[in-house]
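These are the residues of each chain, in order.
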Amino acid sequence: MLKNIALLPGDGIGPEIVAEAVKVLDAVAKKYGHTFHYTPAKVGAAAIDDCGDPYPESTHKICRDSDAVLFGAIGDPRFDNNPSAKVRPEQGLLKMRKSLGLFANIRPLIMFDSLLDRSPLRRERIEGVDFVCVRELTGGIYFGRPQGRSEDGNTAYDSCVYTRNEIERIVRLGFEMARTRRKHLTVVDKANVLATSRLWREVAKNMAAEYPDITVEYMFVDNAAMQLIQRPKAFDVMVTENMFGDILTDEASVISGSLGLLPSASVGSEVALFEPIHGSYPQAAGKGIANPMATILSAAMLVEHLGMQQEGQDIRNAVSQAIAEGIVTEDLAEGGKAYSTAEVGTYIASRI
Ligand code: IPM
Ligand code: MG
């Protein structure tokens, strides 16, 4: 197969981890006789430095014209806590998600047997954990207007806004995904406080009638945060709004042993985008210590999305092998030898 892949490394550790995913994709292409044609493009602080726009039109065009997008991370401390910054790198990520119509972010929790004793949770609690968070990605408080400051600077406001349509399409995706799995859907909201959450619950309840085969559970987000740690095995598919999903998936990553392991797929109306759930980890940038596995596993989701199932499985197996063999970066090394970002990527590519 010939596939065009847009590469958006972004900021911080982004370029390093995307480079390792490319090594692995190249190994897959070689083994299976595919051709992956990569087109790099700038996003985030890298794009602001270049042209003042964190998601320029040229990048958008490259994404739209590709079969899939592989994205690294966004964020740069130069812009954090800097009230005078007019544009922020994160705006590029939000603009990218919005303009590519990527309304659903699918975050599977991946467990590796060889890491069961590395998790801060006891083995018996996490053995066999297998769930997917379906996070709404282009609405809610991330995008709601008005947002800003009062003239005197002493009041700030964000708005959480959802339309019925926006909720319907993401909740439906949750139901459909549950159907392909263990047929259990947890709808996470804060319906005891928020009007948007009450609309979520209303939409989900109406839709549940169309899915009599699915067991639906409604859970407040604070309770979900607790249950994730207390009985993570109870979850199958979780569907939630943008910010709750952001927070709960960082929390969930701890179960797997490292935030550096969790991949994601963002899908919607146009081209799909694949990205690790972690951020740009600026303190580690350029040091060769970042874990490339979340991005490599995102590349596995990417090839699977393009119909290459065996290729995706090969990548997952190679990552498992690296973990089992202890070819891991410092976040997973726990006293053992820590390998560099590039060494881990090279090893995984060699296992393909
Ligand atoms: C994520 C990140 C982003 C988000 C940030 C960088 C804007 O935390 O993808 O989870 O909040 O969506
Ligand atoms: Mg996040």
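No experiment lies behind these values; they were computed from the predicted model shown. (Residues numbered from 1 in each chain as written. Chains lettered and ligands numbered in written order. Predicted model: local features only at pLDDT ≥ 70, side-chain atom pairs only at ≥ 80, totals over all residues. Heavy atoms only, no water.)

### Topic: the overall build of the chain
Phase 1 of the analysis: Each helix and strand in the chain was counted, giving 13 helices and twelve strands.
Phase 2 of the analysis: A compact globule built from 352 residues would reach a C-alpha radius of gyration of about 20 Å, and the chain, at 20 Å, matches this within 12%.
Phase 3 of the analysis: A sequence separation of at least 24 residues applies to 75% of the contacts in the chain between residues at least 6 apart.
Phase 4 of the analysis: For the chain, the exposed area adds up to about 14,800 Å²; of that, 52% sits on carbon and sulfur atoms.
Phase 5 of the analysis: Each charge sign in the chain was given a centre, from 38 positive and 46 negative side chains, and these centres are 2 Å apart. (Helix = DSSP H or I, 4+ residues; strand = E, 2+ residues; numbered from the N terminus. Rg over C-alpha atoms; globule rule 2.2 N^0.38 Å. Contact = heavy atoms within 4.5 Å. Areas by Shrake-Rupley, 256 points an atom, 1.4 Å probe, with all protein chains shown as cover. Lys, Arg positive; Asp, Glu negative; His and termini not counted. Charge placed at Lys NZ, Arg CZ, Asp CG, Glu CD.)

### Section: the site of ligand 1
Phase 1 of the analysis: Residues in close proximity to ligand 1 include Glu90, Leu93, Arg97, Arg107, Arg135, Tyr142, Asp246 and Ile277, which together make up its full environment.
Phase 2 of the analysis: The side chain of arginine 97 places a nitrogen or oxygen atom 2.7 Å from an oxygen atom of ligand 1.
Phase 3 of the analysis: Within the contact set of ligand 1, an oxygen atom lies 2.8 Å away from a side-chain nitrogen or oxygen of aspartate 246.
Phase 4 of the analysis: Protein burial of ligand 1: of its 320 Å² of free accessible surface, 81% is covered by the chains. (Near = heavy atom within 4 Å. Polar contact = N/O pair within 3.5 Å; in protein donor to acceptor, adjacent residues only side chain to side chain.)

### Points about the sheet that holds strand S11 (residues 263-267)
Phase 1 of the analysis: An order of S2-S1-S3-S12-S11-S4-S5-S10-S8-S9 is seen for the ten strands of this open sheet, with the pairing classed as mixed. The open sheet has two edge strands, strand S2 (35-40) and strand S9 (215-220), and neither has a second partner. Taking each pair of neighbouring strands and ignoring which way they run, the sheet shows an average axis angle of 25 degrees.
Phase 2 of the analysis: The pairing of strand S1 (residues 2-10) with strand S3 (residues 68-73) spans five bridges and is classified as parallel. Bridged to alanine 6 within S3 is valine 69.
Phase 3 of the analysis: Sheet contacts for helix H6 (residues 164-179): strand S4 (104-108), strand S5 (132-136), strand S8 (184-189), S9, strand S10 (237-240) and S11; angle to S5, the most-contacted strand, approximately 165 degrees.
Phase 4 of the analysis: Relative to strand S12 (residues 272-276), helix H10 (residues 293-305) is tilted by about 160 degrees, and along the sheet it contacts S1, S2, S3, S4, S11 and S12. (Pairing = 2+ DSSP bridges. Axes fitted to C-alpha atoms, helices over the stretch in contact; angles between N-to-C directions.)

### Looking at the state of the cysteines
Phase 1 of the analysis: Inspection of the entire model under this criterion finds zero disulfides.
Phase 2 of the analysis: Distance from the sulfur of cysteine 63, which forms no disulfide, to the nearest cysteine sulfur (cysteine 51) is 13 Å.
Phase 3 of the analysis: Cysteine 133 takes part in no disulfide bond, and the closest cysteine sulfur, belonging to cysteine 160, lies 15 Å away.
Phase 4 of the analysis: A residue is classified by how much of its surface remains accessible, and cysteine 133, at 1% relative accessible area, is buried. (Disulfide = S-S within 2.5 Å. Buried < 20%, exposed > 50% of the residue type's maximum accessible area, 1.4 Å probe, protein only.)

The values reported here are purely geometric and, on their own, carry no functional implication.
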